[in-house]
Amino acid sequence: MKRIHKELEEFQFQKGWEISQESAEKSTESLLLNHLLLTTEIAEIAEELRRMLNRAYDMKEEGVDGERAFQLAKEEVAEDIGKEIADSIAYLFKFATFFQRDIEFDIKNKLGEINARTKPNLQKRMKEEVK
């Protein structure tokens, strides 16, 4: 993870796409712009998910088995959604670079925090309720 972070940092610097650290005003402008761009990329992931679900629904309406339709639709969007995920990750790493964060360290710490939680897990509850 450290290697890809460094590669992204160098790539963004070469392109002039890093978050500005020139001044508070420039940094603020750059942070807001990059946040906007990140949310756009996240929205593009949502668009791919919508495309997948609509395609699966259409195939089911055409008589394809539901599980098969879902799998085929998933395969249709896999490459495009991968690109949007990569774009999103690049922006997240850009923020990590700006704030001088070791993202690998932060992820491991966050996983430790999650494991230590005692409140109910929404995803686990949802899975149990669906059964």
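Given the structure is predicted, the values throughout are model-derived calculations rather than measurements. (Residues numbered from 1 in each chain as written. Predicted model: local features only at pLDDT ≥ 70, side-chain atom pairs only at ≥ 80, totals over all residues. Heavy atoms only, no water.)

## Observations regarding the packing of aromatic side chains
Between two aromatic rings, the relevant description is the distance of the centres plus the angle of the planes.
Item 1. Enumeration over the complete set of coordinates arrives at two aromatic pairs.
Item 2. An angle of 75 degrees between the planes, with centres 5.7 Å apart, marks the rings of Phe11 and Trp17 as edge-to-face.
Item 3. Residue classification places Phe11 among the partly exposed positions, given a relative accessible area of 39%. (Phe/Tyr/Trp six-rings, centres within 6.5 Å; stacked < 30°, edge-to-face > 60°. Buried < 20%, exposed > 50% of the residue type's maximum accessible area, 1.4 Å probe, protein only.)

## Re the packing of helix α1 (residues 2-15) against helix α3 (residues 66-98)
How two helices sit against one another is set out by the angle between their axes and by the gap between those axes.
Item 1. One way to put it is that α1 packs onto α3 with a least axis distance of 10 Å and a crossing angle of 90 degrees. One finds that α1 runs roughly perpendicular with respect to α3. Contacts between α1 and α3 pair Ile4, His5, Leu8, Glu9 and Gln12 from the former with Ala90, Phe93, Lys94, Ala96 and Thr97 from the latter.
Item 2. Here the residues of the contact of α1 with α3 sort into five nonpolar, three polar and two charged. (Axes fitted to C-alpha atoms, helices over the stretch in contact; angles between N-to-C directions. Helix = DSSP H or I, 4+ residues; strand = E, 2+ residues; numbered from the N terminus. Parallel < 35°, antiparallel > 145°, perpendicular 65-115°, else oblique. Contact = heavy atoms within 4.5 Å. Nonpolar A, V, L, I, M, F, W, Y, C, P; charged D, E, K, R; others polar.)

## Topic: the side chain of Glu41
Item 1. By the secondary structure assignment, Glu41 is in helix α2 (residues 24-61).
Item 2. It turns out Glu41 is buried and unbridged, and the closest side chain with the opposite charge, Lys94, is 9.7 Å from it. (Lys, Arg positive; Asp, Glu negative; His and termini not counted. Salt bridge = Lys/Arg side-chain N within 4 Å of Asp/Glu carboxyl O.)

## Some thoughts on the nonpolar core
As a rule of thumb, nonpolar side chains are buried together in soluble globular proteins.
Item 1. Ranked by size, the top nonpolar core spans six residues in total: Met52, Ala56, Met59, Ala69, Ala73 and Val77.
Item 2. Counting residues per element, the ones that place at least two in this core are α2 and α3.
Item 3. With near-sequence residues (within four places) excluded, Met59 lies in contact with Val64, Ala69, Leu72, Ala73 and Glu76.
Item 4. Within the second largest apolar cluster, five residues are counted, among which are Ile19, Leu38, Tyr91 and Phe95. (Core = buried A, V, L, I, M, F, W, Y, C linked by side-chain atoms within 4.5 Å.)

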